[in-house]
Amino acid sequence: MNDDVENLAAAADNADETHRPDPATEPGFDLGEASVAAAPRARPSGYQVLARKYRPGVFEDLVGQEAMVRTLSNAFDAGRIAHAFMLTGVRGVGKTTTARILARALNYEKPGIEAPTIHMDGPGIHCDAIMESRHVDVMEMDAASRTGIDDIREIIDSVRYLPVSARYKVYIIDEVHMLSRQAFNGLLKTLEEPPAHVKFIFATTEIRKVPVTVLSRCQRFDLRRLSVAELTGLLSGVAQKEDVAAEAAALKLVARAADGSARDALSLLDRAIAHGEGHVREADVRDMLGLADRARVFDLFDLVMKGDIGGALNELRAQYDVGADPAVVLSDLAELTHWLTRLKLVEGAGDDVAMSETERARGRDMAGRLPIRVLSRVWQMLLKGLAEVQGAARPIAAAEMVLVRLAYVAEGPGPEELVEQLKSGGVSAKAPARAAPAGDGGGSRAQLRSVAATRPEMQEPAAAVAASAPAADIRTFQDVVALVSADRDIRLKHALEAGVRLVHFETGRIELGLLEGTPNTILTELSEKLSRATGARWLVSLARNASDAAPTLREQAQTHEEMLKDRARGDALVKAALAVFPGAEIVEVREPGLLAAGDVLPPEMPPEDMPDDMETEE
């Protein structure tokens, strides 16, 4: 029996070999088996970006967050662990990473360790699964994509159950500020009194959008932005571990461009390594980021401050030709302006490690020569110009025009110099007229300064100018009010219109009756103002008998307005209009000769047919 089975199997094998098509003679039966077998199997890439590869796994690896680590360490050692944590900070400072490390510390288990601890010596039972976000008892939720009350209801329903294998059930909610108002309200009760086996960890970049009722139930930690020195040290360590040759100046550029974010710094370093083919050089990083040479930024700023606009435009164009972004150049100039201002005001600002010794020396020299008012003005103009460049169709042209404005303003006199010139009569001896910017070509400002410096009649003293000014012509009390209004003395104008009654008026003397609540001091103020304006002495006194006093100007205006309305009501056309529109009232009356500028008569009503009334409104 066994022999028969073996014979049948052998016959089947022979038949299979006999009937297998030969690709050489029957190409239509070639199914590509040989090529598939010969081709090596493609393996998925095992490369991890640096930001993930060097993500901290313990609290000791967190850079720049010493205050938070110290607080948590003391809390864990004392057994005072909160039930909810709120982590906030800018992008890339480690909020999500800190949340995972905190979840790992809460559930850290190892032979001999049965309680939460932040001193994690080696991976515990749950550590790998927690850090890879695949642990059944540590649930991460992205509030940006799950914002509704239904998502929060799932959490509320699940907190009642004990953890499957870990010590605590930990809920990590990232970008928690994206939750809806109903979701926040639904979470409040559970967040205030959660079960003993539940911990909440929230992370957000917009802490102000989180309701205060939620914040009050959490222990808040503000993860600070990393400094350039801290980021440079982090990048240097990563470069050494990756066996990458990196220049210190290049790492400083990457750290400065990261703007305090560790993730951004590592992503830029990853890109710089690829850009430089395994080497990180300063020139390559500048080319990659579109940055201008730092020394050339100082040169450009110096040219602008000296008023050498021709040289400044040539320098900007040269930087643009080698790949510098005009917006980035202006941003660098603004950053330099801010640093120079700090050099003048903050002790120790010149010890910034982000700057080289040459840059610090040039910065101290520039800061010593530039006053605060010039730096403040340049800062404001650069901020405005940066927005113009970013929105311009041709950024380089917009940037050049910003430099032109800066050069002409920087060499112009300041407000205090202009006041000094007026007091001393023309161009001050202390502040001689400065030379026009290079390339000015005898512009209008340079010509005005040269004329003012050479022609005596242009240097007339301020007192003579004031004396030659025409004196005010005051003939009526209305002229007095008009003078006060022209001086924009609103308080005195209001008092003259509504707080006094005119008793007597003649040139040089005014008698007034004061209404209740009007202070006597306006008499002295008005006398001094009239004397200054007319150059003659004016006496303004309080009338002893105000029985014959005229009504106030406001009362006269109201009486006149009522008279005009009465005249209008008697007009046949206005009566017809009021009859057509029951309930309509005459709100304002304008006399034809007093139409405001821009008022146009309706085309269907020529001037000769217009009545003496004005207008009605419903």
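Going by the structure above, here's the rest.
My aim in this report is to walk through the structure given alongside it, one point at a time.

Cut-off values and rules
- Residues numbered from 1 in each chain as written.
- Predicted model: local features only at pLDDT ≥ 70, side-chain atom pairs only at ≥ 80, totals over all residues.
- Heavy atoms only, no water.
- Core = buried A, V, L, I, M, F, W, Y, C linked by side-chain atoms within 4.5 Å.
- Buried < 20%, exposed > 50% of the residue type's maximum accessible area, 1.4 Å probe, protein only.
- Helix = DSSP H or I, 4+ residues; strand = E, 2+ residues; numbered from the N terminus.
- Contact = heavy atoms within 4.5 Å.
- Phe/Tyr/Trp six-rings, centres within 6.5 Å; stacked < 30°, edge-to-face > 60°.
- 1 Å grid on protein atoms, 1.4 Å probe; cavity = no way out; pocket = protein on both sides within 12 Å on 5 of 7 lines; lining within 4 Å.
- Points joined across faces, edges and corners; volume = space filled by probe spheres on them.
- Nonpolar A, V, L, I, M, F, W, Y, C, P; charged D, E, K, R; others polar.
- Pairing = 2+ DSSP bridges.
- Axes fitted to C-alpha atoms, helices over the stretch in contact; angles between N-to-C directions.

Quick notes on the nonpolar core
With 54 residues, the main nonpolar core has Phe-59 and Ile-201 as its most contacted residues. Top contributing element to this core by residue count: helix α12 (residues 262–275), with seven residues. Once residues lying within four places of it in the same chain are set aside, the contact partners of Phe-59 are Val-69, Leu-72, Thr-98, Ile-101, Leu-102, Ala-105, Ile-118 and Met-120. Among the nonpolar cores identified, the runner-up in size contains 38 residues, and Ala-312, Trp-339, Ala-367 and Val-374 belong to it.

Examining the packing of aromatic side chains
Per the counting criterion, the structure on display carries five aromatic pairs. Seen from their ring centres, Phe-85 and Phe-221 are 6.4 Å apart, and the 25° between their planes marks the pair as stacked. Pair noted here: Phe-85 is in strand β1 (residues 84–88) and Phe-221 is in strand β5 (residues 219–222), with a separation of 136 residues, a long-range link. Judged by centre distance (5.5 Å) and plane angle (25°), the rings of Tyr-171 and Phe-200 are stacked. In this pair, Tyr-171 is assigned in strand β3 (residues 169–174) and Phe-200 in strand β4 (residues 198–204), connecting sequence segments 29 residues apart. When its relative accessible area of 0% is taken as the criterion, Phe-200 is described as buried.

Considering the layout of surface pockets
By volume, the largest pocket is sized at about 620 Å³. Around the largest pocket, the lining is made up of 28 residues, and of these Arg-55, Pro-56, Gly-94, Thr-97 and Ala-262 lie nearest the centre. The biggest single contributor to the lining of the largest pocket is helix α10 (residues 228–241), with five residues. Broken down by class, the residue content of the lining of the largest pocket amounts to eleven nonpolar, eight polar and nine charged.

Brief notes about the sheet that holds strand β2 (residues 138–142)
Strand order in the open sheet formed by five strands is β2-β3-β4-β1-β5, with parallel pairing between adjacent strands. Where the open sheet ends on each side, the last strands, each with one partner, are β2 and β5. Each strand axis lies, on average, 15° off the axis of its neighbour in the sheet, ignoring direction. Note: β3 against β4, six bridges, orientation parallel. What sits directly across from Asp-174, in β4, is Ala-203. Relative to β3, helix α7 (residues 149–158) is tilted by about 165°, and along the sheet it contacts β2, β3 and β4.

So, unusual backbone geometry
Its identity is not glycine, yet Ser-133 carries a phi of approximately 60°, on the positive side. Although it is not a glycine, Asp-243 adopts a positive phi angle of roughly 55°.

What to know about the side chain of Thr-341
Considering the arrangement of structural elements, one finds Thr-341 in helix α16 (residues 326–345). Apart from residues lying up to four places away in sequence, Thr-341 is in contact with Ile-372 and Leu-375.

Considering the pairing of strand β9 (residues 509–514)
Sheet topology places strand β8 (residues 500–506) next to β9; six bridges connect them, and they run antiparallel. If you follow Glu-506 over to β9, its bridge partner there is Arg-509. Connecting the antiparallel pair β8 and β9 is a turn made up of two residues, with Gly-508 showing a positive phi of about 95°. Looking at chain direction, β9 and strand β10 (residues 539–542) are connected through four bridges and run parallel. Residue pairing across strands places Leu-512 opposite Leu-542, the latter belonging to β10.

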